[in-house]
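Structural overview
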Amino acid sequence: MIKFFLMVNKQGQTRLSRYYEHVEINKRTMLEAEVIKNCLSRSKDQCSFIEYKDFKLVYRQYAALFVVVGIDQTENEMAVYELIHNFVEVLDKYFSRVSELDVSFSISEIHL
Amino acid sequence: MPAPIRLRELIRTIRTARTQAEEREMIQKECAAIRSSFREEDNTYRCRNVAKLLYMHMLGYPAHFGQLECLKLIASQKFTDKRIGYLGAMLLLDERQDVHLLMTNCIKNDLNHSTQYVQGLALCTLGCMGSSEMCRDLAGEVEKLLKTSNSYLRKKAALCAVHVIRKVPELMEMFLPATKNLLNEKNHGVLHTSVVLLTEMCERSPDMLAHFRKVRQLSSSQLVPQLVRILKNLIMSGYSPEHDVSGISDPFLQVRILRLLRILGRNDDDSSEAMNDILAQVATNTETSKNVGNAILYETVLTIMDIKSESGLRVLAINILGRFLLNNDKNIRYVALTSLLKTVQTDHNAVQRHRSTIVDCLKDLDVSIKRRAMELSFALVNGNNVRGMMKELLYFLDSCEPEFKADCASGIFLAAEKYAPSKRWHIDTIMRVLTTAGSYVRDDAVPNLIQLITNSVEMHAYTVQRLYKAILGDYSQQPLVQVASWCIGEYGDLLVSGQCEEEEPIQVTEDEVLDILESVLISNMSASVTRGYALTAIMKLSTRFTCTVNRIKKVVSIYGSSIDVELQQRAVEYNALFKKYDHMRPALLERMPVMEKVTTNGPTEVVQTNGETEPAVLETKPPPSGLQPASQANDLLDLLGGSDIAPVIPTAPTSKPACAGGELLDLLGDLNLTGSPVSAPAPQIAQPPFLLDGLTSQPLFNDVAAGIPSITAYNKNGLKIDFTFERSNTNPSVTVITIQASNSTELEMTDFVFQAAVPKTFQLQLLSPSSSVIPAFNSGTITQVIKVLNPQKQQLRMRIKLTYNHKGSAMQDLAEVNNFPPQSWQ
């Protein structure tokens, strides 16, 4: 099950956040900060799956933006990895060459 | 009131904020504006305000006052309003707010709306945050929508149904008829969501699962063949631009179908058979150059492992995993390690083939991969490869991150215990772990280690020498220091005498040894427990060393006034030992006996006897410390209980001075639990001493072999002891001896205690005696039952010790019994 779907930039600003399980609002910022810290400390050739607390993070970096998906044990990690890429491709098509600005300004469209 | 700014303006303004405080200020201002606008019930701009509110919510600011506004938006007729309203509902509302129930009616109306997009919105929201009440109310509508021909709606309805089932499992049957036709769709979206729905149903309810497995209507509606057909189409079909991802058509659907096949095929032969072909086909035909292909292969491997596939297929799967391991991409290696971990239990041999690659992964830079490789390596250790694997693992322990060290150390201990090829290797390995990762070792490792060291009698000199060398340089690692000080205390004389066959003996003087122990005591780095160990070790050395007793006395008396209560108590008691009970000091501080192993997690299972087992240290080898004969008797006595021993010397109660003289007798008396245990090397008695074990009724073996002659084992000073034998039919290596003690003198014998020792290959269990008083003139006897286990059918020999009070004086005697009849042990 996918627990959450985040798009966070390198400075730690959240551009998109969708939680599929209830998380307290103050915990959300903490979670996002920790998650981005974990992702930033990884180098290029380390694997994209991190074990964090009791679930896994699958992350993928696109320029300055990290797309992070939190999944639990039942999901196929590689399929989620592909999903992230597919999502980004869709955004690309929709916004014709999407950039971070597009993401930050059109959150209502992206959210739905 | 000026029109509220648009969302974009807001975002732009917030982006110009340079500090967190500025941003907060801006947001607060905007929040105030939004709140006043809400109060004015401004319809036109409501949606804009809520959108801004949602943005602020995403940034982490509280936005609960917008919830009602969302509801109003949902109720409005404009699509834009509804859109933002539903989005707001999904983000801000959940089951816990009471407001959400108000939405139910709105959603119901919208589910029947003419525009499919509105219907879609409503379905989305219901599927996202519907509570169980809402779901119950609206399930009927959802089910109706599942049957429409509009594929856009159908797929949303299927996902919504998944959520409904999750919330209210009882409604599952309602959706069952609709699912029949779902898989006949051409639209991949619908296919995908229907597969998800079917997966959810099968996972939640075993009845559903059985139903889907064996639907025996027209063959075309059987689930497994249908899925197989769809999958085949996906693979075989040519390039389809709609569904293509890097050359593979609709991998997401493929993965989902594979997962559903896995659930269907688990533990079910028929279904598994139907799937074998297609799985093989997928496994061989999928391109592995891109990540997509690998994702599908991964799912295929997982499926093959889970269902009852034929062995050829399993081998194929493990080979695929092996190929993954060699791939350069880290993700793939990680995934391969994870799945190998899952399969190592079942297909152990196949995984062994890839052992070298796995061990290489230990050296990878990536943390996740290292962790997986470590777990997998521990699972793969067996008797054959233990030496090589250990070397790698120890090297890994050296270089890994701290968070791994504890797990790695405990893993190494377990593996070493199970598969150690020789005692020396075992001790070496443990020492290596202690020196490299000493502070991460778990607390219960120390007593286990100590027990292990005691048990390997021939390695004592070697062990103590190595430990000494280890703490000479550095005594900060607590577990290492604890083990080392215990060993030095026990075997200090070996260290000083420099006898060691295995390694070059080093010249150590007694003073040097005491130096190191004292520095441990003084050092700030030593924990309180470690200091306790060191103090006790120093005390034990007072019997082992000859020229430095005064120094030891001084040290001990200094700590009599230590602030640490535990140390103080020990020091005071040891002081008392020096002053008043000096005659008992050698006895109390004797060498520790071989300990029984309580845990049975090794392949070598020690037959646990509740009673005492006498080590044949007496019989086969002279105890390493070169004891005088009197202390042989003491060894006999010093064994009280055999459980895992913490080398903490139990603190004697302060009423010690009140005990009567004849401490040795008290040791025996303790066996009757009249006082608390006193002897120093005797461990804290975790279980009651052996005599009381007889209280639990032990069935005597009444099967009688042809009568075995009884013998008189001992007859002196009026005390006669007879042995009668019984052999059990159920267990031919057990001999039951009943002893009868009688007294032919004029005065009775009181406090009679009988003890026995047997050679190493035997095991002995003493049950409790009938009484401890033998009346005079043979008018009564004491009976006691001894069980002897003789697995190797060797000749039975026994050494007995008797103590009793007679004519006002304490008597004790040792004797050997050699005249056992052959039938008793053959």
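Residues numbered from 1 in each chain as written. Chains lettered and ligands numbered in written order. Predicted model: local features only at pLDDT ≥ 70, side-chain atom pairs only at ≥ 80, totals over all residues. Heavy atoms only, no water.

Looking only at helices and strands, chain A has four helices and five strands in total. In sequence order, chain A lays out its α and β elements as β-β-α-β-β-β-α-α-α. The burial tally for chain A puts 54% of its 112 residues in the buried class. Across chain A, the fraction of contacts at a sequence separation of at least 24, relative to all contacts at a separation of at least 6, is 43%. Surface exposure of chain A reaches about 5300 Å², of which carbon and sulfur atoms provide 52%. (Helix = DSSP H or I, 4+ residues; strand = E, 2+ residues; numbered from the N terminus. Buried < 20%, exposed > 50% of the residue type's maximum accessible area, 1.4 Å probe, protein only. Contact = heavy atoms within 4.5 Å. Areas by Shrake-Rupley, 256 points an atom, 1.4 Å probe, with all protein chains shown as cover.)

The next subject is the overall build of chain B. A count of helices and strands for chain B gives 35 helices and 10 strands. Of the roughly 36100 Å² of accessible surface on chain B, 52% is carried by carbon and sulfur atoms.

Here we come to the environment of B:Cys70. Residue and element names in this part refer to chain B. Within the secondary structure, cysteine 70 sits in helix H4 (residues 67–75). You can call cysteine 70 buried: its relative accessible area is 0%. Separated by 23 residues in the primary sequence, cysteine 70 and cysteine 47 have C-alpha atoms spaced 8.4 Å apart. If we ignore the near neighbours within four places in the chain, the residues touching cysteine 70 are Val50, Gly85, Gly88, Ala89 and Leu92.

To continue, consider the interface of chain A and chain B. Facing the 39 residues of chain A at the interface are 42 residues of chain B. At the surface where chain A touches chain B, the tally comes to zero salt bridges. Summed over the shared surface of chain A and chain B, the result is zero residue pairs in polar contact (both at pLDDT 80 or more). With seven residues, helix H2 (residues 77–95) of chain A is the single largest residue contributor to the side of chain A that touches chain B. Residues of the side of chain A that touches chain B, tallied by class, amount to 14 nonpolar, 13 polar and 12 charged. (Salt bridge = Lys/Arg side-chain N within 4 Å of Asp/Glu carboxyl O. Polar contact = N/O pair within 3.5 Å; in protein donor to acceptor, adjacent residues only side chain to side chain. Nonpolar A, V, L, I, M, F, W, Y, C, P; charged D, E, K, R; others polar.)

Here we take up the sheet that holds strand S4 (residues 55–62) of chain A. Residues and elements named next belong to chain A. Pairing in this open sheet of five strands is antiparallel, and the strands run S2-S1-S5-S4-S3 from one edge to the other. Looking at the sheet topology across the chains shown, the edges are occupied by strand S2 (14–19) and strand S3 (49–52). Shown here is a sheet whose adjacent strand axes are inclined to one another by a mean of 20 degrees, direction ignored. Two strands pair when backbone bridges link them, and strand S1 (residues 2–9) and strand S5 (residues 65–71) are joined in this way by seven bridges, in the antiparallel orientation. (Pairing = 2+ DSSP bridges. Axes fitted to C-alpha atoms, helices over the stretch in contact; angles between N-to-C directions.)

This part is about the pattern of salt bridges. Residue and element names in this part refer to chain B. Summed over all chains, the structure comprises 20 salt bridges over all chains. For arginine 551, the salt bridge goes to glutamate 518, with nearest N and O atoms at 2.9 Å. Note that arginine 551 is positioned in helix H30 (residues 549–558) and glutamate 518 in helix H28 (residues 510–522), a separation of 33 residues in sequence. Ionic pairing is found between aspartate 722 and lysine 720, a salt bridge with its closest N-O pair at 3.6 Å. Residue class for lysine 720 comes out partly exposed when judged on its relative accessible area of 30%. Through salt bridges with shared partners, a single ionic network connects Arg259, Arg262, Glu299 and Asp306.

So, about the side chain of B:Asn49. Residues and elements named next belong to chain B. Along the polypeptide, asparagine 49 turns up in helix H3 (residues 46–59). A distance of 2.7 Å separates the side chain of asparagine 49 from the side chain of serine 37, its partner in a polar contact. Once residues lying within four places of it in the same chain are set aside, the contact partners of asparagine 49 are Pro4, Ile34, Ser37 and Phe38.

Moving on to H2(A). Residue and element names in this part refer to chain A. Helix length check: H2, at 19 residues, gives a terminal C-alpha distance of 27 Å against a target of 27 Å (1.5 Å per residue), a fit within 8%. Listed in full, the buried residues belonging to H2 are Glu77, Met78, Ala79, Val80, Tyr81, Glu82, Ile84, Val88, Leu91 and Phe95. One or two residues past the end of H2 sits serine 96, with phi positive at roughly 45 degrees. (Expected span 1.5 Å × (residues − 1).)

Residues and elements named next belong to chain B. Closest axis-to-axis distance for the helix H14 (residues 251–265)/helix H16 (residues 291–306) pair is 9 Å, and the angle between their directions is 5 degrees. Between H14 and H16, the interaxial angle falls into the category roughly parallel. Residues Pro251, Gln254, Val255, Leu258, Arg259, Leu261 and Arg262 of H14 lie in contact with H16, whose contacting residues are Val292, Ala295, Ile296, Glu299, Thr300, Leu302, Thr303 and Asp306. Of the residues that constitute the contact of H14 with H16, the class distribution is eight nonpolar, three polar and four charged. (Parallel < 35°, antiparallel > 145°, perpendicular 65-115°, else oblique.)

Take the pairing of strand S8 (residues 781–789) of chain B next. Residue and element names in this part refer to chain B. By the criterion of burial, S8 is predominantly enclosed, with seven of the nine residues buried. Pairing of strand S5 (residues 734–743) with S8 involves nine bridges; the strand directions are antiparallel. Bridge assignment links isoleucine 739 to a residue of S8, and that residue is glutamine 784. One ladder, built from four bridges, connects strand S7 (residues 763–766) with S8; its direction is antiparallel. Paired with glutamine 765 across the bridge in S8 is lysine 787.

The next thing to look at is the sheet that holds strand S6 (residues 749–757) of chain B. Residue and element names in this part refer to chain B. Across the sheet, which stays open at both edges, the three strands sit in the order S6-S9-S10 with antiparallel pairing between neighbours. Single-partner strands in this sheet number two, and they are S6 and strand S10 (809–817). On average, adjacent strands in this sheet sit at an angle of 15 degrees to one another, irrespective of strand direction. Where S6 and strand S9 (residues 798–806) come together, seven bridges link them in antiparallel fashion. Looking at the pairing, alanine 757 lines up with arginine 799 of S9.

Residue and element names in this part refer to chain B. Structurally, arginine 570 can be placed in helix H31 (residues 565–579). What makes arginine 570 buried here is its relative accessible area of 6%. Here threonine 536 takes part through its side chain, which lies 2.8 Å from a polar atom of the side chain of arginine 570.

For any pair of aromatic rings, geometry is given as the distance between the ring centres together with the angle between the planes. Applying the stated rule across the entire model yields seven aromatic pairs over all chains. For the ring pair A:Phe5 and A:Phe87, a centre distance of 4.8 Å and an interplane angle of 75 degrees mean the geometry is edge-to-face. A residue pair is termed long-range when its members are at least 10 positions apart, and A:Phe5 in strand S1 and A:Phe87 in helix H2 qualify at 82 residues. Classification of A:Phe5 by relative accessible area gives buried; the value is 10%. Here A:Phe87 falls in the partly exposed class, since its relative accessible area comes to 23%. With 5.9 Å between their ring centres and 45 degrees between their planes, B:Phe723 and B:Phe820 make a pair best called tilted. (Phe/Tyr/Trp six-rings, centres within 6.5 Å; stacked < 30°, edge-to-face > 60°.)

Attention shifts here to a negative patch on the surface. Residue and element names in this part refer to chain B. A cluster of acidic side chains, namely Asp269, Asp270, Glu273, Asp277 and Glu310, defines a negative patch on the protein surface. Its location among the elements puts aspartate 270 in helix H15 (residues 269–285). The class of aspartate 270 is exposed, set by a relative accessible area of 55%. (Patch = residues over 30% accessible without salt bridge, like charges linked within 9 Å, V, L, I, M, F, W, Y side chains within 5 Å. Lys, Arg positive; Asp, Glu negative; His and termini not counted. Charge placed at Lys NZ, Arg CZ, Asp CG, Glu CD.)

The next point concerns the confidence of the model for chain A. When the pLDDT values of chain A are averaged, the result is 77; 91% of them are 70 or greater. Within chain A, no element has a lower average pLDDT than helix H4 (residues 107–111) of chain A, which sits at 67, and none a higher one than S5(A), at 83. (pLDDT = per-residue confidence, 0-100.)

On to helix H1 (residues 25–40) of chain A, then. Taking 1.5 Å of rise per residue, 16 residues should cover 22 Å, and H1(A) covers 23 Å from first to last C-alpha, within 8% of that figure. Buried within H1(A) are the following residues: A:Arg28, A:Leu31, A:Glu32, A:Val35, A:Ile36 and A:Cys39. Seen from one end, H1(A) has its buried residues packed into an arc of 125 degrees, which puts them on one side. Facing away from the buried surface of H1(A) by more than 90 degrees, the exposed residues are A:Asn26, A:Met30 and A:Lys37. Close packing links the buried residues of H1(A) with S1, S2, S3, S4 and S5 of chain A together with H3 of chain B. (Arc of directions from axis to C-beta.)

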